[in-house]
Amino acid sequence: MHIKEKLSQNEAAGRPGISFEFFPPKTAQGVQNLYDRMDRMHALGPSFIDITWGAGGRLSDLTCEMVNVAQSVYGLETCMHLTCTDMPVEKVDAALQAAYKAGCTNILALRGDPPREKENWEATDGGFRYAKDLVKHIRDKYGNHFDIGVGGYPEGADDNPDVDLLIDHLKEKVDAGASFVITQMFYDTDNFISWVKNCRDRGISVPIIPGIMPIQTYAAFIRRSEWTKIRIPPDWLEALEPVKNDDSAVRNIGKRLVADMCRKLLASGLNHLHFYTMNLAQSTQAVLEDLKLLPSEETPLQRALPWRPSLGLNRRGEDVRPIFWRNRNSSYIARTQTWDEFPNGRWTDSRSPAFGELDSYGIGLKGTNEQNIKLWGEPKSLRDVTHIFLDFLEGKLARLPWSDSPITAEANAIKDDLIALNKKGIFTINSQPAVNGVKSSHPVYGWGPKNGYVYQKAYLELLIPSYLLDDLIARIEKNGYLTYHAVSKNGDLRTNTNDSPNALTWGIFAGREIVQPTIVETISFLAWKDEAYRLGEDWAKCHDASSPSRKLIQSVVDDWCLVNIVNNDFHNTSSLFDLFKDLTVKDLDTEVTVEDGQVKGHQNGAANGAINGTVPNGTSTELPLRN
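Residues numbered from 1 in each chain as written. Predicted model: local features only at pLDDT ≥ 70, side-chain atom pairs only at ≥ 80, totals over all residues. Heavy atoms only, no water.

J.: Please provide a residue-by-residue account of the packing of aromatic side chains, values included.
T.: Under the definition given, this model contains 22 aromatic pairs. With 5.1 Å between their ring centres and 70° between their planes, Y142 and F146 make a pair best called edge-to-face. Considering the side-chain rings of Y455 and F570, the 5.6 Å spacing of their centres and the 80° angle between planes classify their relative orientation as edge-to-face. Taken together, the residues Y455 in strand β12 (residues 453–456) and F570 in the loop between β18 (560–567) and α19 (574–578) connect sequence positions 115 residues apart. Given the relative accessible area of 22%, F570 is considered partly exposed. One aromatic cluster is present, built from ring pairs that chain together W376, F389, W402, F427, W539 and W560. Looking at K586, its charged tip hangs above the ring of Y467, at a distance of 4.8 Å from the centre. (Phe/Tyr/Trp six-rings, centres within 6.5 Å; stacked < 30°, edge-to-face > 60°. Helix = DSSP H or I, 4+ residues; strand = E, 2+ residues; numbered from the N terminus. Buried < 20%, exposed > 50% of the residue type's maximum accessible area, 1.4 Å probe, protein only. Lys NZ or Arg CZ within 6 Å of the ring centre and 35° of its normal.)

So, in structure tokens, the structure goes:
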């Protein structure tokens, strides 16, 4: 969606909008950390984000990559910066095409700063001299596909202190096709409001968005102000100078000063605040909390669907997904990114040429070996593994191998049952309770337009020892409401379904057909099976090849079955958990050890007999959990 439309929507709804700026980090780990932060900051409710242009080869490519990930994986409406610096026309066109393919529909067109080795700005041969030329080129080439923003300078630019002349230049950029303005940072609110009035008097009628720089530390505050040559009000210096060596006090006072500035801007008639986050969240979030602009339990963010919709090219119409990837959104997007269309019921129509085709890219375990060992420890018994799952259910762990995100409030209704099941050694990796017609505005289960109703069937997905499978299936088949899929690592599938998709969550909304956003069905389950077992193997391989932890986890991967169960009576959850009464997992407390190349099991520290096999050079062997 175009930014000008986002702004209009917020104004019509009578609420201020917010947006965040990020920049490409210098390291691969920094990029991943920023993606995680962007994902978390999505919950703060930004109307859009923008990503600065990294002039030069690697950083400019990274900008394009980050725009694609933000749009497609995290569902963030993204505005891509594009500058004239070091950019001949062919590079500009390549960047615009990358943005187009990513589903991006917003560009911030800037002249840019001169390269570090040059004191003054010079146009690149075959490039553009002014931002207005870049704006005109984008309009000529792409028409109205892109909403084009430009920069505004209330206190002058680095190489041009003449504010009046810069307003004339801003008018030229707007006349060339720009449809909104984002300004340079400032702290002099009165001067800014006066500058906006001058812009309006000169005929600049497009939305003007103030650029807000939160205060992290005193040194950074002074350095950025001097670099941009902006005025700091004397009372700000009087408040901050005495505590300049106390970062916590600076952030607290800075939060109040910036929040007061924002209140004055909103009171002047502006309706949107754009935050220069510097890739950090704390200071921006503190200002938003002070302004009471964060979503709350009383005014939660309204979800469009139970899963976060992608904004990638051709994906905006996607409206049904298998439930298996609910906790691994990035993997699902990566595996379906080559699909060229997402019509209603993609997973329900086997005539589609892409039905069931999921690329193998992006299915691996998140994090380094060291990070994962630090997170999940070095389990030596099934009891140790149960503690990992229990810590996740209690909110003490942020992720599991099969879930990239923490446990959510939706699990509260069944948390005691999940805890009891995992204590027994049956490991749950996905679940949801039954929901019978809650309002779509419900803070936990709600999604979709207001004044609708949401329904969902109870669902449970788990790993269970293969020796318990026959007993579990017999119990399932005695209940006429339960359907299931069960599969082993080698692909032996058992199911009582007829292979047709089974709706798990759906909504009923006025004037619309029933919306069916998540399903269970066989082909996608088999694709998920490959990923689920791969994740278990990746977890095992975090540990040394001859370690007890490696042998333990690999034995679960090799010998346990992946099972999903649906209770098709959407009034009822309990019967799912009743299935597991008196089902007992063996050897929960048996520790796997490796002594002199021999894999052995120990019960409560006492020798429990040698297990067949040796471990020469880290090769696999028979383990105490095989049956």
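J.: Requested: an account of empty space enclosed by the protein, with residues and values cited.
T.: One water molecule sets the probe size; rolling that probe over the atoms shows where empty space is left. Per the counting criterion, the structure on display carries three cavities of 30 Å³ or more. For the largest cavity, the calculated volume is near 70 Å³. Forming the walls of the largest cavity are V385, F389, W402, F427, L463, G536, W539, I553, V556 and V557. Of all the secondary-structure elements, those providing two or more residues to the lining of the largest cavity are α14 (382–393), α17 (522–540) and α18 (548–559). The element contributing the most residues to the lining of the largest cavity is α18, with three residues. Classifying every residue of the lining of the largest cavity gives nine nonpolar, one polar and no charged. Taken as a whole, the second largest cavity encloses approximately 50 Å³ of empty space. Contributing to the lining of the second largest cavity are W402, L463, A532, Y533, G536, V556 and V557. Counting residues per element, the lining of the second largest cavity draws most heavily on α17, which supplies three residues. For the lining of the second largest cavity, the per-class residue count stands at six nonpolar, one polar and no charged. (1 Å grid on protein atoms, 1.4 Å probe; cavity = no way out; pocket = protein on both sides within 12 Å on 5 of 7 lines; lining within 4 Å. Points joined across faces, edges and corners; volume = space filled by probe spheres on them. Nonpolar A, V, L, I, M, F, W, Y, C, P; charged D, E, K, R; others polar.)

J.: Help me get a handle on the pairing of strand β5 (residues 147–152), residues and values and all.
T.: Of all six residues making up β5, six are buried, and the element is well covered by its neighbours. Bridge count between β5 and strand β6 (residues 180–185): four bridges; the pairing is parallel. From the neighbouring strand, G152 faces β6, where its bridge partner is T183. Between β5 and its parallel partner β6, the chain crosses via helix α6 (residues 163–175), and the hand of that crossover is right-handed. (Pairing = 2+ DSSP bridges. Right-handed = clockwise from strand over helix to strand, strands pointing away.)

J.: Lay out a negative patch on the surface with the relevant residues and their values.
T.: The grouping of D391, E394, D416 and D417 at the surface amounts to a negative patch. Relative to the assigned elements, D391 resides in helix α14. (Patch = residues over 30% accessible without salt bridge, like charges linked within 9 Å, V, L, I, M, F, W, Y side chains within 5 Å. Areas by Shrake-Rupley, 256 points an atom, 1.4 Å probe, with all protein chains shown as cover. Salt bridge = Lys/Arg side-chain N within 4 Å of Asp/Glu carboxyl O. Lys, Arg positive; Asp, Glu negative; His and termini not counted. Charge placed at Lys NZ, Arg CZ, Asp CG, Glu CD.)

J.: Could you give an account of the side chain of R335, with specific residues and numbers?
T.: Tracing the backbone through its elements, the reader meets R335 in helix α12 (residues 329–335). Polar contacts involving the side chain of R335 include one to the main-chain carbonyl oxygen of A527, which spans 3.4 Å. (Polar contact = N/O pair within 3.5 Å; in protein donor to acceptor, adjacent residues only side chain to side chain.)

J.: Account for the nonpolar core, naming residues and giving values.
T.: One finds M80 and L82 to be the most contacted residues of the largest nonpolar core, which totals 93 residues. With eight residues, the single largest contributor to this core is helix α10 (residues 247–267). Dropping the residues within four chain positions of it, L82 is found in contact with W53, M87, V92, A95, L96, I107, L108, A109, L110 and L134. (Core = buried A, V, L, I, M, F, W, Y, C linked by side-chain atoms within 4.5 Å. Contact = heavy atoms within 4.5 Å.)

J.: I'd like to hear about the confidence of the model for the protein chain, residue by residue, with values.
T.: For the protein chain, the average pLDDT comes to 88, and 87% of its residues sit at 70 or higher. Per-residue pLDDT stays below 50 along residues 350–355; that stretch engages in ten contacts with residues further than four places along the chain or on separate chains. Note that pLDDT drops below 50 for residues 604–627; the model gives that stretch 56 contacts with residues more than four away or on any other chain. (pLDDT = per-residue confidence, 0-100.)

J.: So, the state of the cysteines: which residues are in play, and what are the values?
T.: Applying the stated criterion to the full structure yields zero disulfides. Here C64 stays unpaired: no disulfide links it, and the sulfur of C104, its closest cysteine neighbor, is 9.5 Å away. What makes C64 buried here is its relative accessible area of 17%. (Disulfide = S-S within 2.5 Å.)

J.: Outline helix α8 (residues 218–228), listing residues and values.
T.: Among the residues of α8, those classed as buried are Y218, A220, F221, I222, R224, S225 and T228. Residue K229 follows α8 closely and has a positive phi angle near 60°.

J.: Summarise the packing of helix α7 (residues 189–201) against α10; cite the residues concerned and give the values.
T.: Taken N-terminus to C-terminus, the directions of α7 and α10 make an angle of 25°; their axes are 10 Å apart at the nearest point. Viewed along their axes, α7 and α10 adopt a mutual orientation that is roughly parallel. Crossing geometry of α7 relative to α10 is assigned as right-handed. Contacts between α7 and α10 involve T189, D190, F192 and I193 from the first element and M261, K264 and L265 from the second. Its residues assigned to classes, the contact of α7 with α10 comprises four nonpolar, one polar and two charged. (Axes fitted to C-alpha atoms, helices over the stretch in contact; angles between N-to-C directions. Parallel < 35°, antiparallel > 145°, perpendicular 65-115°, else oblique. Left-handed = near helix turned anticlockwise from the far one by under 90°.)

J.: Which residues make up unusual backbone geometry, and what values do they have?
T.: Most peptide bonds adopt trans geometry, and most residues besides glycine take a negative phi value. At N279, a residue that is not glycine, the phi angle is positive and equals roughly 65°. Position of N279 among the secondary structure elements: in the loop between β8 (272–276) and α11 (282–291). Although it is not a glycine, N451 adopts a positive phi angle of roughly 65°. Relative to the elements of secondary structure, N451 occurs in the loop between β11 (435–439) and β12.

J.: Would you mind going over the pairing of strand β13 (residues 458–465) in detail, with residue names and values included?
T.: Burial analysis of β13 places eight of its eight residues in the buried class, which makes it a mostly covered element. Here β13 shows two buried faces, one formed by A458, L460, L462 and I464 and the other by Y459, E461, L463 and P465. Direction of pairing for strand β10 (residues 427–432) relative to β13: antiparallel, over a ladder of five bridges. Residue pairing across strands places T428 opposite L462, the latter belonging to β13. Across eight bridges, the pairing between β13 and β18 is antiparallel.

J.: Describe a nonpolar patch on the surface, with residues and values.
T.: Residues Y453, I508 and I514 make up a contiguous nonpolar surface patch of roughly 270 Å² in combined accessible area. Note on placement: I514 falls in the loop between β16 (502–508) and β17 (515–520).

J.: Please give an account of the side chain of T183 that cites residues and values.
T.: Mapped onto the elements of the fold, T183 is located in strand β6. Within polar-contact distance, the side chain of T183 engages the backbone nitrogen of G211 at 3.0 Å. Here T183 is in contact with G152, P154, F192, W195, I208, I209, P210, G211 and Y276, once residues within four sequence places are set aside.

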